[in-house]
Every structure is written in C-alpha cells, then in structure tokens.
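# Working through the structure, step by step
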Amino acid sequence: MSGMSATRALRAPAAWTVAGLSVLDIALAVLLSGFAIALASGALGPVHPKVAAAALTGVLFMIVPVAWRRPAPLAVAALLAAASLLNGLIFGHLVRCGPTLPVFFLVAFTIGIRCERARAAAGLALCAAAAVAEGLYDPQIGGQGLVFVLPVLAGFFGAGLLVRARTQTAQALRRQSAELRRQREQTAR
C-alpha cells in the first residue's frame, strides 16, 4: 500500500457519519457520558449524597453536545456556557469537571479550526464563560484552578487556529500546483 493510500485508510474512520454527525464525536460523547455516569453512580469513587438523576441529567447536557461540535461549534459553545451556569445554580458542586473539561477543550479546538475570526472570538468567549461557570461552582477547580484551566483552553483554541492556517496553506498550495500543472500541459501542447 502506498504512503498516500495508507494515509487515506487511516483517515477514513474520521469521515464516517451517522445522521450528519461524526461517528468519532458520537463515540466521544458516549464515552464521556459513561464517565459522568460512573462518577455519579459511585463506580469510580464515593458518591456525593446529593447526586440524583436530575443532577446527572444536568451534567449530561454539558457533555452530549460534543457530538454536534463540528456542524455547529458556536451553538455547542453557547449551550455549554448556559448549561454550566444553570447546572451550577441548580445543583451546586456536583460531579462535573472530569467529564466536562475535555468537552470545553475540544469545542474550543473545533472553534479555532472551523470559525472565522469574529465568530472564533465569540466561540472562545463562550467556552471561557463555560469554564468560569464550572470553576465558580466546582470545588475541584475553584479560582486557583481557573488560572490553569483558562490558559489550557486558550492553548486548545490556538492549536485549532494553527491547524486551520496549515489546512488553508495546504489547500492554496494544492490549487497553485494544479494551476502550474495545467499551465505546463498547455505549454507542452
């Protein structure tokens, strides 16, 4: 198998979709939801006495949207910010940061890749608002934790911007190469 075919074969699962959603994003949402359920049920440690089905549902509203991060990154970021704030106001400091912080980071990365400058800034602000809301109510994060979480969030966003810039450069080079090839063929004729 040539190098290019091997690369395409490795990328194929990333392109699989169900109902327009990436299979990998759906799997990630299921995996993180399972992690949240395991935390809430006590399978991974002591159970908080106030954990109830409603509180777990609130946490899942902050995790499940990761399945829609590619087609609607800004909507997902807005939902995360609202769900984080509401979850904190309604349920207080229950299980959240372990399964939700990866979602915040992944959505920030996706916003960096998929959104133009103004929309990307709005998306980053929404992700930061979600992280701050999480930090206000979750004793595992708190104010000291936000000093770590917010730069990591910005790092994921910056990585997304770099991937976007690299992809745009590669596309421009491919277009130029195709144009040069066409011109060479025309000159040869």
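Everything numeric in this text was worked out from a predicted model, so none of it was measured. (Residues numbered from 1 in each chain as written. Predicted model: local features only at pLDDT ≥ 70, side-chain atom pairs only at ≥ 80, totals over all residues. Heavy atoms only, no water.)

### Some words on the overall build of the protein chain
The helix and strand tally for the protein chain stands at seven helices and two strands. The secondary structure elements of the protein chain, listed N-terminal to C-terminal, are α-β-β-α-α-α-α-α-α. Buried positions account for 33% of the 189 residues belonging to the protein chain. Surface accessibility of the protein chain: about 10900 Å² in total, with carbon and sulfur atoms responsible for 68%. (Helix = DSSP H or I, 4+ residues; strand = E, 2+ residues; numbered from the N terminus. Buried < 20%, exposed > 50% of the residue type's maximum accessible area, 1.4 Å probe, protein only. Areas by Shrake-Rupley, 256 points an atom, 1.4 Å probe, with all protein chains shown as cover.)

### Here we look at the confidence of the model for the protein chain
For the protein chain, per-residue confidence averages 82 on the pLDDT scale, and residues scoring 70 or more make up 83% of the total. Looking across the protein chain, the model is least confident in helix α1 (residues 3-15), with a mean pLDDT of 62, and most confident in helix α7 (residues 142-188), with 92. (pLDDT = per-residue confidence, 0-100.)

### As for the nonpolar core
Core analysis: the biggest nonpolar cluster contains 34 residues, and Leu80, Leu101, Val103, Phe104, Val107, Ile111 and Cys127 have the highest contact counts within it. At the level of secondary structure, the elements contributing two or more residues to this core comprise α2 (23-41), α3 (53-63), α4 (73-91), α5 (97-114), α6 (117-137) and α7. A per-element tally of this core places α5 first, with nine residues. Beyond its immediate sequence surroundings of up to four residues, Phe104 is in contact with Leu80, Ser84, Cys127, Ala130, Ala131, Glu134 and Leu153. (Core = buried A, V, L, I, M, F, W, Y, C linked by side-chain atoms within 4.5 Å. Contact = heavy atoms within 4.5 Å.)

### Quick word on the packing of α6 against α7
Relative to each other, α6 and α7 sit at 155°, their axes nearing to 10 Å. One finds that α6 runs roughly antiparallel with respect to α7. For α6 against α7, the interelement crossing comes out right-handed. Facing Ala120, Leu124, Cys127, Ala128, Ala131, Val132 and Gly135 of α6, the residues of α7 in contact are Gly142, Leu146, Val149, Leu150, Leu153 and Phe157. (Axes fitted to C-alpha atoms, helices over the stretch in contact; angles between N-to-C directions. Parallel < 35°, antiparallel > 145°, perpendicular 65-115°, else oblique. Left-handed = near helix turned anticlockwise from the far one by under 90°.)

### Regarding the pattern of salt bridges
A complete count under the given rule lists four salt bridges for this structure. In this structure, Asp25 engages Arg70 in a salt bridge whose closest nitrogen and oxygen atoms are separated by 2.7 Å. Residue Asp25 is located in helix α2, and its partner Arg70 is located in the loop between α3 and α4; the two are separated by 45 residues in the primary sequence. One salt bridge connects Glu116 with Arg164, and the closest N-O pair in it is separated by 2.3 Å. Placement of Glu116 in the loop between α5 and α6 and of Arg164 in helix α7 is noted, with a sequence separation of 48 residues between them. (Salt bridge = Lys/Arg side-chain N within 4 Å of Asp/Glu carboxyl O.)

### Looking at the packing of aromatic side chains
The final tally for this structure, using the stated rule, is one aromatic pair. Consider the rings of Phe105 and Phe156, whose centres lie 5.1 Å apart with planes at 0°: the pair is stacked. With Phe105 in helix α5 and Phe156 in helix α7, this pair connects stretches of sequence that are 51 residues apart. In this structure Phe156 comes out as partly exposed when scored by relative accessible area, which is 35%. (Phe/Tyr/Trp six-rings, centres within 6.5 Å; stacked < 30°, edge-to-face > 60°.)

### Side note on a nonpolar patch on the surface
On the surface, Leu85, Leu86, Leu89 and Ile90 cluster together into a nonpolar patch covering about 400 Å² of accessible area. Along the chain, the position of Leu85 falls in helix α4. Residue Leu85 is classed as partly exposed on the basis of its relative accessible area of 39%. (Patch = residues over 30% accessible without salt bridge, like charges linked within 9 Å, V, L, I, M, F, W, Y side chains within 5 Å.)

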